[in-house]
Structures are given as C-alpha cells and as structure tokens.
Amino acid sequence: MSTRTHLLVPLALVLLVALAGCTALGGSGGPQDDDSLGEGQEIRSEVANEMAAIDSYNVSMVTAIEFGANEQVTESNSTVDVAAQRMVTDSITTIRTNSSRTRQGSTTYVFGDQQCLDLDGSWEQSTVDRSPWRSATNVSVLTELLNSSDARLYNDTYDGQDVHVIVVKPSDEAVQTLLADTESDVEFNDVTYTQYVDTESKRLLRSDMNATYFTSGREIQLTVSMRFSDFNTSHPIELPQSAVGSNGNGPCAGMAGNSSEASVAL
C-alpha cells in the first residue's frame, strides 16, 4: 500500500464514521416496512437525544484494509471527551504482504483542531485536516444521503443485551457526494452500516461498516468495527510530559499552552 493510500483512508473514515452515527442517530432513513417505519423514526429520535447528551465515552475500533494478498489491520482504543473537545488514541497497525510483516504502534492526542502524534518515540504537533468535532458539517448533504438510503430495523441481542439493530445501505452516489470535498481519488461503493442500539438506554453500543473502494484503479475491501463503552465515565485527557518538554519547549508544547491548566500529565 502506498503512503497516499494510508493517508486517504483515515480521512475517508472520519466522514464515513460520522455518517454512520447520523444514519443511526437521526434523519429520516429510507424505505422500511409500513409497520416499522414509525417505530424506526421514533427509535432514532430517542437515540439522537441520548447520544447528544453524552459528554465522554471510550471506543475500540478495528479497521481492516485488504487487496489481493496484502492486508493492513489497525486496532485502536480511544478515550473521547466531547465536552472538552479532547481525544487520545492508542493504535497498533500491522501490515502484511506476500513477503513481509510489519507492526507499528502510535499514540495520538487531539485537542480541538490540534493533533499531537507519537510515532516510534518521536512527537509531532500538527493541525487536524478534518476536525472530529465538526465532521458532520454539511447537514443538507447528510440529509440527502439519508433520504436516498435503504434502511431496515429489527430486534436482537448483543453481549446478552436486548438491542435494536439498524442496517443502512446508502447509495454509491450519495456517499461520493459526502466525500466530494476531500479532493481525493477514492471512490466508495457497496457501503453498509450495521448499528446496535441498547433498547433501554438508547445508546449506541456497536457500529460496523463494510465497503469497497477504488483508488488508482485498484479495488480495496474495507471493514470497520467500533464498540462504545464507559459513557460519561472517561478520565481527563492530558498530554504526557515527554510531549510538552520539561521547560515547555517540547514538540507539542503549543497544545498545552492553548488548553487548560490540567492538560499535562506529570
């Protein structure tokens, strides 16, 4: 996989994951059986209200990208503080090819629109290209996408809990419209989201995405599985001293200076 492909995938994921939340947590959805249409809209409204009130949560995510005999798998665990607009993610990426296997770990802090990345012990601060706090910016595009999506709702169990399962399949044209401003050559199709919502709390427990995308004429399979937990119980997110520097002259010192006094872990 090329470096360009590596960079494009996270950008597309930010948008598609935002879309995944919108499809389950709001909007009108697409065709459904007459008996479930009203119920589905009511459930999504309840979930939207519940999730909008959540200040923090943890999420684990596994992303797999495959083409031919090549595979890239990223396993990550994040703590997200929505109220403070802070997030920290620990990731391990494994890349397998016909002749090699590499493994690399990273830690990323996001404060507002600033990112501090630790890759192989080297910290670097940069501006986030697409803020996770404003990822679903074009409401009209999202609404159009939802209205052109096929959706169905049924009940099941997940990890011993009763859940509503929402399956959404947006049209290929609608997904490309959403990604149009990324200035990339990635073309998505066959995108399907499956969301698991707790029937009592109306909180999103799991979100799966399967898709095919094309870049530089190459077909690639993408799967994403996200599991949410610890709502409103996450710990404060603080930069490590190694990123800030003992005298405030470290590579990510600017993030600490522009945030609260408790932004550095001692």
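Here, every reference points to the structure presented above.
The structure displayed is predicted, hence computed values, not measured ones.

Some details on the pairing of strand 3 (residues 86-96)
In this structure, strand 2 (residues 70-81) lies alongside strand 3, joined through eleven bridges in antiparallel fashion. Its bridge partner being in strand 3, Asn77 is matched across the sheet by Asp90. With antiparallel pairing between neighbouring strands as the criterion, strand 2 and strand 3 make up a hairpin whose turn holds four residues, including Gln85 at a positive phi of roughly 55 degrees. Bridge count for strand 3 against strand 4 (residues 101-111) is eleven bridges, and the pairing is antiparallel. Bridge assignment links Thr94 to a residue of strand 4, and that residue is Arg103.

Comments concerning the state of the cysteines
In protein structure, a disulfide is the covalent linkage between the sulfur atoms of two cysteines. Summed over the entire model, instances satisfying the criterion amount to one disulfide. Residue Cys116 pairs covalently with Cys252 via a disulfide, S to S 1.9 Å. Looking down the S-S bond of the Cys116 and Cys252 bridge, the torsion is 85 degrees, so its handedness is right-handed. A residue pair is termed long-range when its members are at least 10 positions apart, and Cys116 in strand 5 (residues 114-119) and Cys252 in the loop between helix 5 (241-244) and helix 6 (253-257) qualify at 136 residues.

As for the pairing of strand 1 (residues 56-67)
Here strand 1 pairs with strand 2 via twelve bridges, running antiparallel. Note that in strand 2 the partner of Asn58 across the bridge is Thr79. As consecutive antiparallel partners, strand 1 and strand 2 are separated by two residues, and within that stretch Gly68 has a phi angle of approximately 60 degrees, a positive value. Sheet topology note: the strand 1/strand 11 (residues 218-229) ladder contains nine bridges and is antiparallel. When the bridges of strand 11 are listed, Asn58 appears paired with Ser229.

The rules we used
The numbering scheme is per chain: residues are counted from 1 as the chain's sequence reads. Whole-chain, interface and lining totals are the exception, using all residues; otherwise, since this is a predicted model, local features are given only for residues with pLDDT of at least 70 and side-chain atom pairs are given and counted only at 80 or more. Only hydrogens and water are removed before side-chain values are computed, so all heavy atoms of the structure are retained for them. In short, DSSP must find at least two bridges between two strands for them to pair. Put simply, DSSP marks the helices as runs of H or I at least four residues long and the strands as runs of E at least two long, and each gets a number from the N terminus on. Pairs of cysteine sulfur atoms within 2.5 Å are identified as disulfides in what follows.

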